[in-house]
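# Remarks on the overall topology
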Amino acid sequence: MGRRLEGELTMAAIQVVRSEWTKIRSVASTVWTLSLAVVVTIALGMLISALSKNEFDTMNRDDQLSFDPTFISFAGMSLGQLAMIVFGVLVVSNEYSTGMIRTSLAAVPQRGTFLFSKIAVATALSLAVGLATSFVAFFLGQAMLGTHKAQIGDSGVLRAVIGGGLYMTLIVMFSMGVAAMLRSPMLSLGILMPFFFLISNILGNVDATKKIGRYLPDQAGSKIMQVVPPIDDDTPYGPWGGLGIMALWVLAALIGGYVLLKKRDA
Amino acid sequence: MIELEGLTKRYGEKVAVNNLTFTVRPGIVTGFLGPNGAGKSTTMRMMLGLDRPTAGDVRIDGKHYDQLKDPFTYIGALLDAKAMHGGRSAFNHLLCLAQSNGIPKKRVHEVLDTVGLTAVAKKKAKGFSLGMGQRLGIAGALLGDPRILMFDEPVNGLDPEGIHWIRNLMKSLAAQGRTVFVSSHLMSEMALTADHLVVIGQGRLLADTSMADFIAQNSRSYVRIRSPHRERLLDVLHSAGITAVETGNGTLEVDGTKPEYIGELAAQYQIVLHELSPQQASLEEAFMQLTAESVEYHAHADTPLEQPQWGDGWKGN
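These numbers come from a predicted model, not from an experiment.

What counts and what doesn't
Residues numbered from 1 in each chain as written. Chains lettered and ligands numbered in written order. Predicted model: local features only at pLDDT ≥ 70, side-chain atom pairs only at ≥ 80, totals over all residues. Helix = DSSP H or I, 4+ residues; strand = E, 2+ residues; numbered from the N terminus. Buried ≥ 20, exposed ≤ 12 C-beta atoms within 10 Å, placed from the backbone. Contact = placed C-beta atoms within 7 Å. Pairing = 2+ DSSP bridges. Expected span 1.5 Å × (residues − 1). Axes fitted to C-alpha atoms, helices over the stretch in contact; angles between N-to-C directions. Nonpolar A, V, L, I, M, F, W, Y, C, P; charged D, E, K, R; others polar. Parallel < 35°, antiparallel > 145°, perpendicular 65-115°, else oblique. Left-handed = near helix turned anticlockwise from the far one by under 90°. Core = buried A, V, L, I, M, F, W, Y, C linked by C-beta atoms within 7 Å. pLDDT = per-residue confidence, 0-100.

### Some words on the overall build of chain A
Along chain A, the regular secondary structure elements total twelve helices and zero strands. In sequence order, chain A lays out its α and β elements as α-α-α-α-α-α-α-α-α-α-α-α. Oriented by its inertia axes, the alpha-carbon framework of chain A measures out at about 65 × 40 × 35 Å. Across the 266 residues of chain A, 46% fall into the buried class. Long-range contacts, defined as pairs at least 24 residues apart, comprise 81% of the intrachain contacts of chain A with a sequence gap of at least 6.

In structure tokens, the structure reads:
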């Protein structure tokens with residue numbers, strides 16, 4: 001009996017995952033947000049890599065010592081992640097802004113299955129796109145850096161490149177959690193975009209707020225893409241520790257989204 | 001079969017649905033009637049497990065909605081024609097719904113054909129007219145070939161051809177032995193489609209009756225009379241034990257008497273009649289009367305007159 005029930009639940013989840021895949025591939029916003037993320041991340045990374053190469057000789061000694069060619073090739077992610085945020089937000093909030101949510105929940109009344117199937121599909125897609133982007137951004141960025149480039153076999157580099165893909169994926173997951181809580185696309189984007197583009201950067205770089213700022217999801221998570229730490233770096237966590245902190249934020253956002261979806265009227 | 005028991009929904013202080021108990025039976029079209037804001041849509045959303053009842057229970061074939069495995073194969077619903085992503089094609093909209101309930105892809109083609117949207121299946125739903133959107137919503141309801149169908153205000157905003165199509169569809173679905181539950185705020189619409197009526201007002205059940213009984217009970221039949229010798233006619237009717245009511249502009253109305261008898265009476269006393277016609281109050285009137293009474297009743301019951309009313313402060317100034 002228990003096994004049969006389990007089998008049925010798995011069947012149901014597979015059906016819902018297939019359904020969510022159809023949903024995600026059949027709207028234009030998926031294609032344009034993800035392509036924008038890829039193009040912006042790679043192109044901006046190449047541009048900044050090329051500029052850094054030209055400026056290397058004029059840098060002071062400390063900057064030259066802590067020069068991190070891997071991290072520089074990911075510079076485009078600061079802007080590219082905004083497109084990933086839009087993707088994550090739209091995947092969830094589209095349901096609400098279009099009224100589709102009522103049809104969707106009538107089709108799948110198990111709200112947990114509904115939400116987590118949607119998140120699983122969007123996460124898998126982001127991971128594929130994120131990893132591909134990260135590798136391409138790395139290799140093209142290094143090509144721009146010329147003699148200052150890092151090799152994929154260098155210590156910590158492969159971890160940073162795979163980490164870049166994971167970072168983009170976690171950003172999407174966090175956005176989906178926030179959108180599940182807030183429902184409105186405008187509200188979600190209105191909070192997430194300035195937060196990740198401005199507020200988090202300011203909090204993470206101003207001395208007075210640095211100690212708190214570095215626990216914010218993107219500040220902590222981007223540590224994974226660093227190979228050469230800055231001079232007198234006192235960050236209390238390592239690359240995986242930082243990604244772990246980001247994962248906790250993601251978990252909190254997803255739990256929040258699930259709890260609210262579970263108890264709210266659709 | 002849909003069974004409601006003591007179904008109640010409160011939003012803060014406001015009671016949207018108040019202790020509804022009724023059963024929707026298979027094989028007939030059950031009309032769910034009430035003025036705008038009576039709680040029809042809220043009730044339907046609770047039936048589909050979208051809104052959680054404050055109290056009470058709804059069962060679909062004996063089960064709660066979220067206990068149904070592949071719910072679309074039990075019950076199909078059209079709640080809101082716009083409850084879909086406009087950027088998705090009609091085909092993909094139906095495909096994602098079908099997949100979530102383990103319904104084969106070929107069924108998507110079938111329902112598109114049934115509602116006549118095959119030609120625009122690849123088109124995005126946002127380009128659809130209201131009628132096409134309604135048809136797409138109905139295609140979604142039919143996907144799982146369910147035994148129970150529910151339509152919330154399906155004819156709203158449709159052209160006569162669309163209305164005709166939906167009426168026939170509902171009747172044929174019921175004739176196949178399915179349970180058909182359809183809401184409307186128009187009595188005239190219900191009179192044409194429904195076999196059974198559930199009427200609510202202010203969230204309360206006002207009537208749960210067959211259409212035929214509702215008509216018999218609520219449509220007052222009377223005789224309208226006009227005569228140049230009104231005073232004499234009144235005397236004659238009075239002495240014959242018939243009560244006539246003067247309704248202004250010289251007409252009289254008589255309840256519960258056949259026009260033939262009044263005609264013979266007038267002839268006997270040589271009274272000229274200009275009109276002698278049997279009349280029937282419209283169902284729309286009966287419905288409005290029924291719901292108006294409920295509104296009045298609640299206004300007195302829920303808000304005692306002593307309570308300060310909004311705008312009271314102005315009177316003193």
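### As for the overall build of chain B
Across its full length, chain B carries eleven helices and 13 strands. Projected onto the principal axes, the alpha-carbon positions of chain B cover approximately 80 × 55 × 40 Å. Counting all 317 residues of chain B, 40% fall into the buried class. Counted over contacts in chain B with a minimum sequence separation of 6, partners at least 24 positions apart contribute 72%.

### Remarks on the pairing of strand β1 (residues 2–11) of chain B
All names here are of chain B. Where β1 meets strand β4 (residues 55–60), five bridges bridge the pair, whose relative direction is antiparallel. If you follow Thr8 over to β4, its bridge partner there is Ala55. Linking β1 back to strand β2 (residues 14–24) in an antiparallel pair, the connection comprises two residues, with Gly12 at a positive phi of about 60°.

### What to know about helix α4 (residues 130–142) of chain B
Relative to the 18 Å expected for 13 residues at 1.5 Å per residue, α4 of chain B spans 18 Å between its end C-alpha atoms, a close match to the ideal helical length. Of all 13 residues making up α4 of chain B, ten are buried, and the element is well covered by its neighbours. For α4 of chain B, the set of buried residues is Gly133, Gln134, Arg135, Leu136, Gly137, Ile138, Ala139, Gly140, Ala141 and Leu142 of chain B. Summarising the contacts, the buried residues of α4 of chain B are in contact with α6 (100–107) of chain A together with β5 (75–78), α2 (90–100), α3 (105–114), β6 (148–152) and α5 (160–175) of chain B.

### Quick look at the sheet that holds strand β12 (residues 251–255) of chain B
Residues and elements named next belong to chain B. Spatially, four strands are ordered β11-β12-β10-β13 in an open sheet, and the strand pairing comes out antiparallel. Two strands lie at the open edges of the sheet, namely β11 (244–246) and β13 (275–280), each paired on one side alone. The sheet shows a mean angle of 30° between the axes of neighbouring strands, taken without regard to direction. Sheet topology note: the strand β10 (residues 221–226)/β13 ladder contains six bridges and is antiparallel. Looking across to β13, one finds that Ile225 is bridged to Leu276.

### As for the interface of chain A and chain B
If you look at the interface, chain A gives 24 residues, while chain B gives 30 residues. Within the residue set of the side of chain A that touches chain B, elements represented by two or more residues are α1 (2–25), α5 (77–98) and α6 of chain A. The biggest single contributor to the side of chain A that touches chain B is α1 of chain A, with seven residues. Split into classes, the residues belonging to the side of chain A that touches chain B amount to ten nonpolar, nine polar and five charged.

### Side note on the packing of helix α8 (residues 157–182) of chain A against helix α9 (residues 185–205) of chain A
All names here are of chain A. At a minimum axis separation of 9 Å, α8 and α9 run at an interaxial angle of 135°. Judged on the interaxial angle alone, α9 and α8 are oblique. For α8 against α9, the interelement crossing comes out right-handed. Here α8 contributes Ser175, Val178, Ala179 and Leu182 to the contact with α9, which in turn contributes Leu187, Ser188 and Leu192.

### What to know about the sheet that holds β6 of chain B
Residue and element names in this part refer to chain B. Read from one edge of the open sheet, six strands run β5-β6-β7-β3-β8-β9, paired in mixed fashion. Strands with a single pairing partner mark the edges of an open sheet, and in this sheet they are β5 and β9 (204–210). Taking each pair of neighbouring strands and ignoring which way they run, the sheet shows an average axis angle of 15°. The pairing of β5 with β6 spans four bridges and is classified as parallel. Bridged to Gly76 within β6 is Leu149.

### Some details on the pairing of strand β8 (residues 196–201) of chain B
All names here are of chain B. The buried fraction of β8 amounts to six of the six residues, a majority that puts the element mostly inside the structure. By the alternation rule, side chains of β8 split into His196, Val198 and Ile200 and Leu197, Val199 and Gly201, which are all buried. Here strand β3 (residues 29–33) runs beside β8; their pairing, made up of four bridges, is parallel. What sits directly across from Gly31, in β8, is Leu197.

### Some words on unusual backbone geometry
Residues and elements named next belong to chain B. With phi around 45°, Asp61 is a residue other than glycine that occupies positive phi space. In this fold, Asp61 is placed in the loop between β4 and β5. Judged by the 14 C-beta atoms lying within 10 Å of it, Asp61 is partly exposed. For Glu153, which is not a glycine, the phi torsion comes out positive at approximately 45°. In this structure, Glu153 sits in the loop between β6 and α5.

### Here we look at the packing of helix α2 (residues 28–55) of chain A against α5 of chain A
Residue and element names in this part refer to chain A. For the pair α2 and α5, interaxial distance at closest approach is 7 Å and the crossing angle is 170°. Regarding the angle of α2 to α5, the classification is roughly antiparallel. Seen from α2, the contacting residues are Ser29, Thr30, Thr33, Leu34, Leu36, Ala37, Val40, Thr41 and Leu44; seen from α5, they are Met77, Leu79, Gly80, Ala83, Met84, Val86, Phe87 and Leu90. When grouped by side-chain class, the residues that make up the contact of α2 with α5 number twelve nonpolar, five polar and no charged.

### Thoughts on the nonpolar core
Counting 139 residues, the largest nonpolar core has Phe87 and Met176 of chain A together with Leu94, Leu112, Ala139, Leu143 and Met150 of chain B as the members making the most contacts within it. The greatest single-element share of this core, amounting to 16 residues, is contributed by α8 of chain A. Tyr222, Val223, Ala244 and Leu252 of chain B belong to the second-largest nonpolar core, a separate cluster that totals ten residues.

### Some remarks on the confidence of the model for chain B
Interpretation of the predicted coordinates at a detailed level should be avoided for regions scoring low in pLDDT. Residues and elements named next belong to chain B. Per-chain confidence: chain B averages 88 in pLDDT, with 92% of residues scoring 70 or above. Below a pLDDT of 50 lies the segment residues 299–317, which in the model reaches zero contacts outside its immediate sequence neighbourhood of four places, other chains included. Both scores are given for the predicted complex: the pTM is 0.86, the ipTM 0.91.

### Some points on α8 of chain A
Over its 26 residues, α8 of chain A runs 37 Å from end to end, which matches the ideal 38 Å to within 8%, given 1.5 Å per residue. At the C-terminal side of α8 of chain A, Arg183 of chain A shows a positive phi close to 70°.

### Focus on the environment of Ala137 of chain A
All names here are of chain A. Relative to the helices and strands, Ala137 resides in helix α7 (residues 111–145). According to the C-beta neighbour criterion, Ala137 is buried, with 27 such atoms within 10 Å. C-alpha of Ala137 to C-alpha of Val91: the two residues are 46 residues apart in sequence and 25 Å apart in space. Those residues in contact with Ala137, other than ones at most four positions away along the chain, are Thr41, Ile42, Gly45, Ser73, Phe74 and Gly76.

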